[in-house]
Structure formats: C-alpha cells, structure tokens
Amino acid sequence: MTSDNPDVLIVGGSTVGLMTALFLARSGVSARIVERRPAPPTHPRAMGVGPRTVEILRTAGLADAVDAVCMDMSAGNLRMISAPTLAEADLENLARDARPSTDAFGRLTPQSLRGTCPQGRLDTVVAEAARGAGAHIEFGSELLSFEQDHEGVTARVRDADGEREIRARYLVAADGARSAVRQALGIGTSGPGALGDPLISVLFQADLDDLTRGHTFITCDITNPEAPGGLLPVDGEGEWIYHFRYSPEAGERAEDFTRERCAERIRRAVAPAADLALDVVSILPWRVSGLVADRLRAGRVFLAGDAAHVIPPVGAFGMNTGVADAHNLAWKLAHVLAGTAGEALLDTYEAERLPVARTALTQSMLRLNDPTLHWASGPEGRRHRARHGALNAPVVHLGYRYDSTAVIGARPELPSTEDVEAGLDGTPGSRLPHRWLLRDGADVSTLDLVDYRFTLLTGPGGRAWHDALGKATAQLGTAVDAHTVEDDRAAGDPSATWTAQVGIEESGAVLVRPDGFVGWRATALEPEPDRVLTQVLGSLLGRPEPGPSPDSHE
C-alpha cells in the first residue's frame, strides 16, 4: 500500500474539482484530484459559461484558450427558439425579426466568450493548466472512505493497482449531486429535490447545415407531439444534443431508449421527411433537481459544486456557481496552509457561498416555472420579474454580495434587482467594478490588477497608504500588491471618475481580496494608516490584531 500526502485532496475531477486544483496549485499548494471515472466524459452536462466564470478563467490566463474551443455565435444568436421540427423553423424570419444582439455584460466585465462551450472542452483546457501548475489528476481512482482528525484527513482510495491511503490536510468534495462525501458526513439538503419526469440526453453527430442555413441558437424547443424535446448545438460543426422526457409511470425505462430508438426520435424531431444520416455518440439519462446542502463545511472537509448545490439548468447558474465556489475556497485554503491566515478564515467559505447557492436555486426555480422571467427584456420584462420576485440574470451572475468576517463594513442588501451596475460600486462585499485603464500602452482592467492576491487600490492622493503598506505586510507576513489608479474620465461620462465609481475620495483606498471582492474600503486617508492596514488585513485573514476592531472607515 503506497502513501500520498498532498495538502489538499479533491474528490471529483469535473469542472469544479479541476478549478479548485488549478487555483490551489497556482497558489503554491499541493493538490491531488481523485476521480472514479476512467477518463473525462465526452457527453456535455453544461455549456453556458457565465460572465463571472469568464473573469475567473481570465485570472488564470485561460479565457482566450476557452474562447477558442467555444461554439462561434459571434455572427448572431437567435437564443431560444421554438418550432414543430427544426425543418419547420422559419430561421430567416426569426433572424429578421430578432432584436440586434447585444452583450448584456459588455460594460461590466473585461471579456466575454463568442458562444457556448461544451463542458468537456472547458475541462480539457482547465485540466492541462492545472497539471502545468503542479496539480496531480488521477482518473480511475475511487474514494472508498475517509476519516478526519484535528490535523488532517486520511482517505482510502482504490485504483487499478489496488488500495492505498492518501493523507491530506484538507479534503474538498466536488463529487457531484449524489456526493458520497456529503452522505458520509451526514449533511442533509433542502430544496424541492427531483423535478418532473426524468430525461434522456442524446449526443449525436449530423450535418444540419441545410436546415440551420448559417443561423445559430442556444436551444430549439421542438413541439412535434411525436418527438417533443430540446435541440442544442454543441460545437456548431455537426455535434448536437437532443434531450427529451420519458415517463416511468407509463412503464418507460431509461434502458429502453437504445441508439436506434433515439436516432429515430431525433429524425422525427429534426426533419421527418428527410432520411437524415446521424450517428448517436452517447446516451445519458438525467433528471432536473434542485437542492442545497445544509452545510458546506464539516471540520476539514468542504463541499463544492454539485456536491454543495444542484441547480436546474435554466439560467446557467449551476456550474458557474460551482466555479465561484472553487475560486472562493482555494485562496482561503492557500493562506491558512501558508500560515498567513487563521483557521477562522475557512468558516467564511460557508458564510459567503451558501447564501449565493440558495439564491441561485431560488432564481433558477422561478425560471423553470416561467422561462420568460429569464428572457424578457425592456420595461415589461422588469415589471414581470418584479411581480414574481425574480432577479435580472446579470444580478445573479455578478451582483451577489458577501457578508462574513472576511469583509469589513459589508452591506449585503442589493441596491437593485435589475441594474447590476448599481451594485458594483466598491461596497465591501461586492465584486470590484471593472474599468479599463491604460497601462504601458495597453488596456488593462481593474480586475486584471487583482492577480489572485490581496491588492490595495488607491486614488491619486493615496500615496500614504502605499508607504504604510510595507509595515503592515511585514508584521503579518502577507504579500499585498498595490496600485495607484489615476482619476481618468470614463468614456462618454465626464462625471464618472474611478474614485467616484468605487465610492472614495482621491486619498481613499480599497483593499481587494484575491477573489476580486472588496474586503474593505476607506473613503479618505485615515490617521496612522499603517496601524489601520495592519488591523484591517489581520481581521480579513482571521488574525485580528490587539486593539479596536476596524470599522468600514467610511
């Protein structure tokens, strides 16, 4: 029996586990993934990569690589359409009547993808980067059991060579909706659970260019009573997903849907009159579910992704919420393992991410019952969402706020349920607002300045904060980057300076956490800035210094 001793053992090698390993490894933490499947799956389970996930990929230097493997929808996207069959969809008229395509996040975030991205392609990019950063990924390795004590976690793992023990300081469970780790911990869940009839998802290859005629869409709702379901393009080059419901109450079983039966159903859904040539690649039974774990931490074990929350697909909040889990947890583990943060910092993972997961579930459930809450736009769309308590999608993706001991002066209430930009205002607990800056002749986002490290941003009159920072970091042993942001004027808005955007004066400062969220803000220069920064940074890291606790300094 061999032995391994990583700092962090991650159970589950899909997107969330891979992202956790990537950011741990980039932070100098030894991370090992064990995944029971023999190889990465080829059947996409998610394809919508949200704006916050793109920002996180950009932090890792991977956004361009992921964009290169996305489906290209840059020439126009009909989004969600409906027709009896694809052959009967009047795509020309739909395109003519469609509103001009706009990037809902263009002013809010530095980069967007050109279209949807199959999860397998995303995972391939992230896995390569994680390995390159030093993470170990083991497919065909199954977690059998684990025990934890006050110093770490001992896990028993079985692979092709037999059983072995892995001893780690912490364990992250990213092992999916049926998480064996969550069940072993006895952590319950809340939420509606399984929703509606189960579904069959069929991945197939077919040349449908004569039917699509160059038009792209996210999904086509097929209403043909002989083959109702949803048709989704995967790569724009001949790979598709067709999913449909089946009824156990009517005696139907998942195993009844053979490749031949699925192929015939697809032909009826796509073009009944044509003898369509297609190849069924794989068949995946699944079920829409909604649940959130009651806790995200049990001692040295943390839940992330579907192990922590299962979100219905409407809105694309599921995988993206899991990626943000990984991004939030990894920096905290890294600081605790390095000895620069107190153990209490790890409690803020649950305090911050559990409310976000509950909101994502609530918002997805509302959309599942009424999809127009997601797609409706304009004044009527806003009124429709307000009547049903729904948040606008950009608010769900980017506008959530944290309230924990890792935020000083948090204001968790949302300023607006519709206008996400109103909430990205530098308030502690909110994501740092994006703004383009000119650095060395190139455009750089304020978010780019936060390279997964604590970062102090000041106005042009905040030199004293920079001078004081060295004393604070020396005392705490924590590296903090620092930048002066000149008070340039936003294009087209001469009144909007950067300092006004983040709610400070020219001598003020904003301390941003490694995950890009504002941890503390001072509207103006404070007396004894070195003492203030020492107390603030110590408090954010779960290492409060003697003396009065720092307030918001606003």
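About the criteria used
- Residues numbered from 1 in each chain as written.
- Predicted model: local features only at pLDDT ≥ 70, side-chain atom pairs only at ≥ 80, totals over all residues.
- Heavy atoms only, no water.
- Helix = DSSP H or I, 4+ residues; strand = E, 2+ residues; numbered from the N terminus.
- Rg over C-alpha atoms; globule rule 2.2 N^0.38 Å.
- Buried < 20%, exposed > 50% of the residue type's maximum accessible area, 1.4 Å probe, protein only.
- Contact = heavy atoms within 4.5 Å.
- Pairing = 2+ DSSP bridges.
- Salt bridge = Lys/Arg side-chain N within 4 Å of Asp/Glu carboxyl O.
- Phe/Tyr/Trp six-rings, centres within 6.5 Å; stacked < 30°, edge-to-face > 60°.
- Lys NZ or Arg CZ within 6 Å of the ring centre and 35° of its normal.
- Polar contact = N/O pair within 3.5 Å; in protein donor to acceptor, adjacent residues only side chain to side chain.
- Axes fitted to C-alpha atoms, helices over the stretch in contact; angles between N-to-C directions.
- Left-handed = near helix turned anticlockwise from the far one by under 90°.
- Nonpolar A, V, L, I, M, F, W, Y, C, P; charged D, E, K, R; others polar.
- 1 Å grid on protein atoms, 1.4 Å probe; cavity = no way out; pocket = protein on both sides within 12 Å on 5 of 7 lines; lining within 4 Å.
- Points joined across faces, edges and corners; volume = space filled by probe spheres on them.

S.K.: Before we move on, could you go through the overall build of the protein and cite the residues and values that matter?
M.R.: Helix and strand counts for the protein come out as 17 helices and 27 strands. Over its C-alpha atoms the protein spans a radius of gyration of 24 Å, differing by no more than 12% from the 24 Å that the globule rule assigns to 554 residues. Along the first, second and third principal axes, the C-alpha set of the protein runs to 80 × 65 × 45 Å. Classification of the 554 residues of the protein by burial places 55% in the buried group. Contacts spanning at least 24 positions in sequence make up 71% of the contacts within the protein whose residues lie at least 6 apart.

S.K.: Quick one: what's the story with the sheet that holds strand E19 (residues 309-310), residue by residue and with numbers?
M.R.: Across a sheet, strands are paired by hydrogen bonds formed along the backbone, either parallel or antiparallel in direction. As summarised here, the arrangement of the 3 strands in space is E10-E16-E19, forming an open sheet in which the pairing is antiparallel. The open sheet has two free edges, formed respectively by strand E10 (189-194) and E19, since each of these has just one partner strand. Where strand E16 (residues 289-293) meets E19, 2 bridges bridge the pair, whose relative direction is antiparallel. By the bridge assignment, Val292 is partnered in E19 with His309.

S.K.: For the pattern of salt bridges, give the residues involved together with the corresponding values.
M.R.: Considering all chains together, one arrives at 34 salt bridges under this definition. Measuring nitrogen to oxygen at the nearest pair gives 3.6 Å for the salt bridge that ties Asp72 to Arg114. One end of the pair, Asp72, is in the loop between helix H3 (63-68) and strand E4 (80-83); the other, Arg114, is in the loop between helix H4 (91-97) and helix H5 (119-133), and 42 residues separate them in sequence. Take Arg114: its relative accessible area is 30%, and that puts it in the partly exposed class. Across the pair Glu255 and Arg253 runs a salt bridge whose closest N-O atoms are separated by 3.5 Å. Of the residues examined, Glu255 reaches a relative accessible area of 54% and is grouped as exposed. When salt bridges that share partners are traced, they join Arg32, Glu138, Asp159 and Arg164 into one network.

S.K.: Give me the lowdown on the packing of aromatic side chains, citing residues and values where you can.
M.R.: Aromatic ring pairs are reported here in terms of the distance separating the ring centres and the angle at which the planes meet. Enumeration according to the criterion identifies 12 aromatic pairs in this entry. Here the aromatic rings of Tyr170 and Phe302 are separated by 6.2 Å at their centres, their planes lie at 50°, and the arrangement is tilted. Of the two residues, Tyr170 sits in strand E9 (residues 170-173) while Phe302 sits in strand E18 (residues 301-303), which places them 132 residues apart along the sequence. The buried category is assigned to Phe302, whose relative accessible area is 0%. An aromatic cluster of three or more residues is present, and its members are Tyr242, Phe244, Tyr246 and Phe257. Between the NZ or CZ atom of Arg265 and the centre of the ring of Phe244, over which it lies, the distance is 4.0 Å. A cation over an aromatic ring shows up here: Arg300 above the ring of Tyr170, its NZ or CZ 4.7 Å from the ring centre.

S.K.: Go over unusual backbone geometry, please, and point to the residues and values.
M.R.: Its identity is not glycine, yet Asp440 carries a phi of approximately 55°, on the positive side. Given the relative accessible area of 84%, Asp440 is considered exposed. If you check the backbone angles, Tyr452 has positive phi at about 55° while not being a glycine. Inspection of the secondary structure puts Tyr452 in the loop between strand E21 (442-445) and strand E22 (454-458). Residue classification places Tyr452 among the buried positions, given a relative accessible area of 8%.

S.K.: Give me the side chain of Thr473: which residues, what numbers.
M.R.: Note that Thr473 resides in helix H15 (residues 463-476). Polar side-chain contacts of Thr473 include one of 3.1 Å to the backbone oxygen of Gly470.

S.K.: Can you break down the packing of helix H1 (residues 15-26) against helix H2 (residues 51-59) residue by residue, with the values?
M.R.: Relative orientation of the contacting elements H1 and H2 amounts to 35°, with a least axis distance of 11 Å. At the point where H1 passes H2, the crossing takes the left-handed sense. Contacts between H1 and H2 involve Met19, Phe23 and Arg26 on the former and, on the latter, Ile56, Leu57 and Thr59. Its residues placed into classes, the contact of H1 with H2 shows 4 nonpolar, 1 polar and 1 charged.

S.K.: So what about empty space enclosed by the protein? Which residues, and what values?
M.R.: One pass over the full model with this rule turns up 2 cavities of 30 Å³ or more. Split by residue class, the lining of the largest cavity holds 2 nonpolar, 4 polar and 3 charged. In this structure, the second largest cavity occupies an estimated 40 Å³ of space. Around the second largest cavity, the lining residues are Arg52, Ile56, Ala324, His327, Asn328, Tyr400, Tyr402, Asp515 and Phe517. Elements with a contribution of two residues or more to the lining of the second largest cavity: H2 and helix H9 (318-338).

S.K.: Tell me what's going on with the environment of Pro233, and back it up with residues and numbers.
M.R.: Position of Pro233 relative to the elements: it lies in strand E13 (residues 229-233). What makes Pro233 buried here is its relative accessible area of 3%. Taking the C-alpha atoms as reference, Pro233 lies 8.9 Å from Thr116; in sequence the two are 117 residues apart. Not counting chain neighbours up to four residues away, the residues in contact with Pro233 comprise Met47, Met71, Met73, Thr116, Phe217, Ile218, Glu239 and Trp240.

S.K.: If you had to explain the sheet that holds E9 to someone new, which residues and values would you point to?
M.R.: Overall, mixed pairing links the 6 strands, which are arranged E5-E3-E2-E9-E18-E17 in an open sheet. The two strands at the open ends of the sheet, each matched to only one other strand, are strand E5 (136-139) and strand E17 (297-298). In terms of strand pairing, strand E3 (residues 31-35) meets E5 through 4 bridges, oriented parallel. Counted as the bridge partner of Arg32 is His136 from E5. Against the sheet, H9 makes contact with strand E2 (8-11), E9 and E18, and its axis sits at roughly 175° relative to E9, the strand it touches most.

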